[in-house]
Amino acid sequence: MTDTHPEALRLAAALELDPMPVGWDMEAAAELRRLHEVNMALIDACQIVTRTYDKLRPGHSNSGMEPLEISIIRAAIAKATGEQL
């Protein structure tokens, strides 16, 4: 991701630093960290798919001739990372 400290991790840290945490604070922080990890793994997998496609079909990614599925994956990566297509 382009952000060096994602919002999910910032919020998790804030929950953990609460001077008077309640039971759900630590659970919420752990879940935010878990979801961040899952999100990063999904982004990595999507990037592998698009890089593989680009190697197998050079020149098609900018020609408008790529499959709809690849376009959807690229859009998901851009949305997750805040990058421009």
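Below is a summary of the structure that appears in this document. (Residues numbered from 1 in each chain as written. Predicted model: local features only at pLDDT ≥ 70, side-chain atom pairs only at ≥ 80, totals over all residues. Heavy atoms only, no water.)

A look at the pattern of salt bridges
As a reminder, the rule being used: Whenever Lys or Arg places a side-chain nitrogen within 4 Å of a carboxyl oxygen from Asp or Glu, that contact is recorded as a salt bridge. Numbered from the N terminus, helices here are DSSP runs of H or I no shorter than four residues, and strands are runs of E no shorter than two. Only protein chains enter the accessibility calculation, which uses a 1.4 Å probe; a residue whose area is less than 20% of its type maximum is buried, one above 50% is exposed, and one in between is partly exposed.
What the rule picks out here adds up to five salt bridges. Between Asp54 and Arg74 there is a salt bridge, with the nearest N and O atoms lying 2.5 Å from each other. One end of the pair, Asp54, is in helix H2 (residues 23-56); the other, Arg74, is in helix H3 (residues 68-81), and 20 residues separate them in sequence. You can call Asp54 partly exposed: its relative accessible area is 28%.

Let's talk about the environment of Leu9
The test is simple: We call two residues in contact when some of their heavy atoms are within 4.5 Å.
With respect to the helices, strands and loops of the structure, Leu9 is situated in helix H1 (residues 7-16). Not counting residues up to four positions away in its chain, the partners in contact with Leu9 are Arg33 and His36.

Concerning the environment of Thr81
Tracing the backbone through its elements, the reader meets Thr81 in helix H3. Taking the C-alpha atoms as reference, Thr81 lies 11 Å from Gln47; in sequence the two are 34 residues apart.

Overview of the packing of H1 against H2
Threshold: Every axis in this analysis is a line fitted to C-alpha atoms, fitted for helices over the stretch in contact. Angles between the N-to-C directions lie between 0 and 180 degrees. Just so you know how the angles are binned, under 35 degrees is roughly parallel, over 145 roughly antiparallel, 65 to 115 roughly perpendicular, and the rest oblique. Crossing handedness is read from the near helix: turned anticlockwise from the far helix by less than a right angle, it gives a left-handed crossing, and turned clockwise, a right-handed one. Three categories are distinguished: nonpolar for Ala, Val, Leu, Ile, Met, Phe, Trp, Tyr, Cys and Pro, charged for Asp, Glu, Lys and Arg, and polar for the others, with Gly belonging to the last.
Here H1 crosses H2 at 160 degrees, and the two axes come no closer than 8 Å. The orientation of H1 with respect to H2, classified from their angle, is roughly antiparallel. As H1 packs across H2, the resulting crossing turns out to be left-handed. Every residue of H2 that contacts H1 at Ala8, Leu9, Leu11, Ala12, Ala13, Leu15 and Glu16 is listed here: Trp24, Asp25, Met26, Ala28, Ala29, Leu32, Arg33 and His36. Among the residues making up the contact of H1 with H2, the classes are represented as eleven nonpolar, one polar and three charged.

Quick look at the side chain of Glu66
Put simply, the rule is: Two N or O atoms form a polar contact when they lie within 3.5 Å of each other; inside protein one atom must be a possible hydrogen donor and the other a possible acceptor, and for residues adjacent in sequence the pair counts only when both atoms belong to side chains.
Inspection of the secondary structure assignment puts Glu66 in the loop between H2 and H3. Here the side chain of Glu66 touches Ser71 through a polar contact of 3.0 Å, side chain to side chain. Only 3.0 Å separates the side chain of Glu66 from the side chain of Arg74, close enough to count as a polar contact.

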